[in-house]
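# Structural characterization, general
Each chain is listed here by its residues.
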Amino acid sequence: MPGTIVIVEDEANIVELVKYNLDREGYRTLYANDGRKGLELIKQELPDLVILDLMLPEMDGLSVCKQLRSDAQTKSIPIIILTAKSEEADRVLGLEMGADDYVTKPFSPRELVARVRAVLRRSGAVDETEPEIIENGVIRIDLRQHLVKVRGEEVELTPKEFDFLKLLLLNPGRAFTREFLLEHLWGYEYFGDTRTVDVHVRRLRQKIENDPANPEYLETVRGVGYRFRGE
Ligand code: CA
């Protein structure tokens, strides 16, 4: 079990983005949308890590941080603070008050997940072992070796194609919109054209499908986007 993370953030879209990306990595996530509720939730759950926004209703993030650090039960829980670019002074104050790291908004999910992993690894709280192999039908991904085999044959994927295929295999049957894929694979700050997704789908099909023109695995969901038809 990779661990429990409490997210304290009042912006629903950020909660959703963070939660989705951490859930996908196998973390158990809980959230609160104001500082006071956040503090209660943390004291009750004693999570492995806290992601804490600074600008919060009821009680601001710095006060939450201070309270957590002054309580014997919570003082060693790692904290990553979320700040806007303009809040540099608060960020410094947050680190002085005992936050372990910070992420500046807007951030990419990949960056945040990497920070979470790094902070947890440093704190030694959690066993960071990922699944090594994801397998579905004829496709097998070895995450440790970054190796993909289709029908027993090794295929070369770009890093983006690799992440895309991993996402699909971890969520068989789930339909993803182009916008969702763009945001989650290319990052929160990426304002690219959704055709980027189509190009990657086409390339992936050439690499994994028997007949790329009649895909059996990476299906188009009309009016929505794409889905991996798993076994
Ligand atoms: Ca906020």
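The rules behind the values
- Residues numbered from 1 in each chain as written.
- Predicted model: local features only at pLDDT ≥ 70, side-chain atom pairs only at ≥ 80, totals over all residues.
- Heavy atoms only, no water.
- Pairing = 2+ DSSP bridges.
- Helix = DSSP H or I, 4+ residues; strand = E, 2+ residues; numbered from the N terminus.
- Axes fitted to C-alpha atoms, helices over the stretch in contact; angles between N-to-C directions.
- Parallel < 35°, antiparallel > 145°, perpendicular 65-115°, else oblique.
- Contact = heavy atoms within 4.5 Å.
- Nonpolar A, V, L, I, M, F, W, Y, C, P; charged D, E, K, R; others polar.
- Phe/Tyr/Trp six-rings, centres within 6.5 Å; stacked < 30°, edge-to-face > 60°.
- Buried < 20%, exposed > 50% of the residue type's maximum accessible area, 1.4 Å probe, protein only.
- Core = buried A, V, L, I, M, F, W, Y, C linked by side-chain atoms within 4.5 Å.
- Donors = N, O, S within 2.8 Å, 3.2 Å for Na, K, Ca; no water.
- Salt bridge = Lys/Arg side-chain N within 4 Å of Asp/Glu carboxyl O.

To continue, consider the sheet that holds strand S2 (residues 28-32). Strand order in this open sheet of 5 strands is S2-S1-S3-S4-S5, and the pairing throughout is parallel. The open sheet terminates on both sides in strands that have one partner only, identified here as S2 and strand S5 (101-105). Across the sheet, the mean angle separating the axes of adjacent strands is 20 degrees when strand polarity is ignored. Taken together, the 5 bridges between strand S1 (residues 4-8) and S2 define a ladder with parallel strand orientation.

With that settled, consider the packing of helix H7 (residues 178-186) against helix H8 (residues 195-208). Contact geometry of H7 with H8 gives a least axis separation of 9 Å together with a crossing angle of 85 degrees. In this view, H7 runs roughly perpendicular relative to H8, as classed from their interaxial angle. Contacts between H7 and H8 involve Arg178, Leu181, Leu182 and Trp186 from the first element and Thr196, Val197, Asp198 and His200 from the second. When the residues that make up the contact of H7 with H8 are grouped by side-chain class, the tally is 4 nonpolar, 2 polar and 2 charged.

Attention shifts here to the packing of aromatic side chains. A full pass over the atoms with the stated rule returns 3 aromatic pairs. Relative to Phe228, the ring of Tyr217 lies with its centre 6.3 Å away and its plane at 20 degrees, an arrangement referred to as stacked. A residue pair is termed long-range when its members are at least 10 positions apart, and Tyr217 in the loop between H8 and strand S11 (218-221) and Phe228 in strand S12 (residues 225-228) qualify at 11 residues. With a relative accessible area of 0%, Phe228 lands in the buried category.

Turning to the nonpolar core, a few remarks are in order. Grouped together as the largest cluster of nonpolar side chains are 29 residues, with contacts concentrated most on Ile139, Ile141, Val148, Phe164, Leu165, Leu181 and Val197. Those elements that provide at least two residues to this core are strand S7 (139-142), strand S8 (147-150), helix H6 (159-170), H7, H8 and S12. Tallying contributions element by element places H6 first for this core, with 6 residues. Excluding anything up to four places from it in sequence, Leu165 contacts Ile139, Ile141, Val148, Leu157, Leu204 and Ile208. One finds Val8, Val64, Cys65 and Ile81 within the second-largest nonpolar core, a separate group that totals 19 residues.

Turning our attention to the coordination of the calcium ion. Asp10 (OD), Asp53 (OD) and Met55 (O) make up the full set of protein donors to the calcium ion, lying at 2.1 to 2.3 Å. Sequence spacing of the donors to the calcium ion: D-x42-D-x1-M. Highlighted residues: Asp10 in the loop between S1 and helix H1 (12-24) and Asp53 in strand S3 (residues 49-53), separated in sequence by 43 residues.

This brings us to the pairing of S1. Successive residues of a regular strand alternate their side chains across the two faces of the sheet. When you tally the buried positions in S1, you get 5 out of 5 residues, the bulk of the element. Here S1 shows a buried face lined by Thr4, Val6 and Val8 and a second buried face lined by Ile5 and Ile7. Examined bridge by bridge, S1 and S3 share 4 bridges and lie parallel to one another. Bridging across to S3, Val6 finds its partner in Val50.

Glancing now at the pattern of salt bridges. Applying the stated rule across the entire model yields 18 salt bridges. Residue Asp71 pairs with Lys43 through a salt bridge whose shortest N-O separation is 3.5 Å. Of this pair, Asp71 sits in the loop between helix H3 (61-70) and strand S4 (79-84) while Lys43 sits in helix H2 (residues 35-45), and the two are 28 residues apart along the sequence. Classification of Asp71 as partly exposed rests on a relative accessible area of 22%. Overall, Lys43 belongs to the partly exposed group, its relative accessible area being 34%. Within this structure, Glu9, Glu11, Asp53 and Lys105 form a network of salt bridges that share partners.

Attention now goes to the packing of H6 against H8. At a minimum axis distance of 10 Å, the contact between H6 and H8 shows a crossing angle of 80 degrees. Relative to H8, the element H6 is oriented roughly perpendicular. Judged by residue contacts, Lys160, Glu161, Phe164, Leu165 and Leu168 of H6 engage Val197, His200, Val201, Arg203, Leu204, Lys207 and Ile208 from H8.

Another point: the sheet that holds strand S6 (residues 133-136). Read across the open sheet, the 4 strands follow the order S6-S7-S8-S9; overall the sheet is antiparallel. Looking at which strands have only one partner, the edges of the open sheet turn out to be S6 and strand S9 (153-155). Across the sheet, the axes of successive neighbouring strands diverge by a mean angle of 25 degrees, strand direction being ignored. For S7 and S8, the ladder comprises 4 bridges, and the chain directions are antiparallel. Directly across from Arg140, in S8, lies its bridge partner Lys149. Sheet strands in contact with H6 are S6, S7 and S8, and its direction is about 115 degrees off that of S7.

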